[in-house]
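Residue strings, one per chain:
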Amino acid sequence: MESTVSVLFVLIAIAGVAALELRQARSSLAAIGVALGLFAVAMFVLGAVEVGIGMIVAAVALLLVLRWAAAHTETNDSVPAFAEGAGLVFALLSLVAFVVVALVVVRGNLPLAVAQLGGEEGGHVGLLREGLVIVTAVAAAWAMLRKKGRKDQ
Amino acid sequence: MSQLCILSVVLVAVGLYGVLLKRNHLKIVLGIELMVVGVAGLVVAVGAEGTSVAEVSQSLGLIAVVGGTSVVCLMIVTAVRLYEKYGTLDIREMRRLKG
């Protein structure tokens, strides 16, 4: 059964890429519809009936809103496909870093792995987690301070 | 379970690719929806055991799907309003959002 769901997940990823890459709004809409439908089927196969039904309802609502949006904006995507320059390099590096860290955490090869997050308070896992929270808070404060003074020109 | 978790991460990565690299506002929103689907899949996959899924995982997955899709719908409406204001879906042209 898991192999069936795995195949469905691969198809969802392919449909997702198609939804992002296709230039025509209708094609893109159809691709995201296929992805969401396949996800609902995968949930039914896996035994998560509630999630499957919720996904179907949510997908119908989303597709209606997307159809409305496509009718009120451009039918063909005229915006350049990719970001440019240093932003592109930074985005690619961020994407690769995310994939590597997420896969390492999911496979349980880090002390911060999902299965070990309930480590003892005061232990090295707890300290690492608290350090991560502090670094995140500092980054957020820096981002907010950086915005101050940047006004509309 | 581990295989499904990895595939869910791949789904999130596909969505992140859209969010980071696309300039079309609607494509970015589609990327966020794909990330929502990936996260819901991850939550369900963690609770999957044999032919059944833990009820907590199902509830969390349902919340992720419904909540995430609601937010995405609001973002689509915002994208259309911004298109009416600026005449483009290119996020780099929306300079007056700065500050």
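Remember, predicted model here, so these are calculated numbers, not experimental data.

(A) Representation of the overall build of chain A in the model. Counting secondary structure elements, chain A contains five helices and zero strands. Along chain A, helices and strands appear, N-terminal first, in the series α-α-α-α-α. The burial tally for chain A puts 31% of its 153 residues in the buried class. Within chain A, contacts between residues at least 6 apart in sequence are counted, and of these 47% link residues at least 24 apart. Accessible surface computed for chain A: about 9300 Å², of which carbon and sulfur atoms make up 71%.

(B) Quick look at the side chain of His-25 of chain B. Residue and element names in this part refer to chain B. Locating His-25 in the fold gives a position in helix H2 (residues 25-47). Take His-25: its relative accessible area is 14%, and that puts it in the buried class. Residues in contact with His-25, not counting those within four places in the same chain, are Ala-79, Leu-82, Leu-89, Ile-91 and Met-94.

(C) Representation of H2 of chain B in the model. Residue and element names in this part refer to chain B. In a regular helix each residue adds 1.5 Å, so 23 residues correspond to 33 Å; H2 covers 34 Å between its end C-alpha atoms and thus fits that length. The element H2 is largely enclosed, with a buried count of 17 among its 23 residues. Where H2 starts, the residue carrying a side-chain oxygen 2.9 Å from the main-chain nitrogen of Leu-26 turns out to be Asn-24.

(D) Spotlight on the packing of helix H1 (residues 2-21) of chain A against helix H1 (residues 2-21) of chain B. Running from N to C, H1 of chain A and H1 of chain B point in directions that differ by 5°, and their axes come no closer than 10 Å. Put simply, H1 of chain A runs roughly parallel to H1 of chain B. Packed against H1 of chain A, whose contacting residues are Glu-2, Val-5, Ser-6, Phe-9, Val-10, Ile-12, Ala-13, Gly-16, Val-17, Leu-20 and Glu-21 of chain A, the element H1 of chain B presents Gln-3, Leu-4, Leu-7, Ser-8, Leu-11, Val-14, Tyr-17 and Gly-18 of chain B at the interface. Broken down by class, the residue content of the contact of H1 of chain A with H1 of chain B amounts to 12 nonpolar, five polar and two charged.

(E) Structural detail: the packing of aromatic side chains. With the rule as written, the count across this model stands at one aromatic pair over all chains. We note Lys-85 of chain B situated over the ring of Tyr-86 of chain B; from NZ or CZ to the ring centre the distance is 5.9 Å.

(F) Inspection of the interface of chain A and chain B at higher detail. Facing 57 residues of chain A, the contacting portion of chain B comprises 55 residues. Its largest share of buried area at the contact with chain B, chain A owes to Phe-9, Leu-20 and Leu-46 of chain A, together 12% of the area lost on that side. At the junction of chain A and chain B, the tally comes to one salt bridge. In this structure, Lys-22 of chain B and Glu-21 of chain A form a salt bridge, with 3.2 Å as the shortest nitrogen-oxygen distance. Counting across the chain A and chain B interface gives five residue pairs in polar contact (both at pLDDT 80 or more). The set of elements that each furnish at least two residues to the side of chain A that touches chain B consists of H1, helix H2 (25-46), helix H3 (49-72) and helix H4 (85-106) of chain A.

(G) A look at the nonpolar core. Among the nonpolar cores identified, the biggest contains 58 residues, and Phe-9, Phe-39, Met-43 and Leu-46 of chain A together with Ile-76 of chain B are the most heavily contacted of them. Among the secondary structure elements, those contributing two or more residues to this core are H1, H2, H3 and H4 of chain A together with H1, H2 and helix H3 (55-86) of chain B. Here the element with the most residues in this core is H2 of chain A; it accounts for 11 residues. Discounting residues that sit within four places of it in the chain, Ile-76 of chain B has contacts with Leu-62, Val-65, Leu-66 and Ala-69 of chain A together with Leu-26 and Val-29 of chain B.

Calculation notes
- Residues numbered from 1 in each chain as written.
- Chains lettered and ligands numbered in written order.
- Predicted model: local features only at pLDDT ≥ 70, side-chain atom pairs only at ≥ 80, totals over all residues.
- Heavy atoms only, no water.
- Helix = DSSP H or I, 4+ residues; strand = E, 2+ residues; numbered from the N terminus.
- Buried < 20%, exposed > 50% of the residue type's maximum accessible area, 1.4 Å probe, protein only.
- Contact = heavy atoms within 4.5 Å.
- Areas by Shrake-Rupley, 256 points an atom, 1.4 Å probe, with all protein chains shown as cover.
- Expected span 1.5 Å × (residues − 1).
- Polar contact = N/O pair within 3.5 Å; in protein donor to acceptor, adjacent residues only side chain to side chain.
- Axes fitted to C-alpha atoms, helices over the stretch in contact; angles between N-to-C directions.
- Parallel < 35°, antiparallel > 145°, perpendicular 65-115°, else oblique.
- Nonpolar A, V, L, I, M, F, W, Y, C, P; charged D, E, K, R; others polar.
- Phe/Tyr/Trp six-rings, centres within 6.5 Å; stacked < 30°, edge-to-face > 60°.
- Lys NZ or Arg CZ within 6 Å of the ring centre and 35° of its normal.
- Buried area = accessible area lost by both parts, 1.4 Å probe.
- Salt bridge = Lys/Arg side-chain N within 4 Å of Asp/Glu carboxyl O.
- Core = buried A, V, L, I, M, F, W, Y, C linked by side-chain atoms within 4.5 Å.

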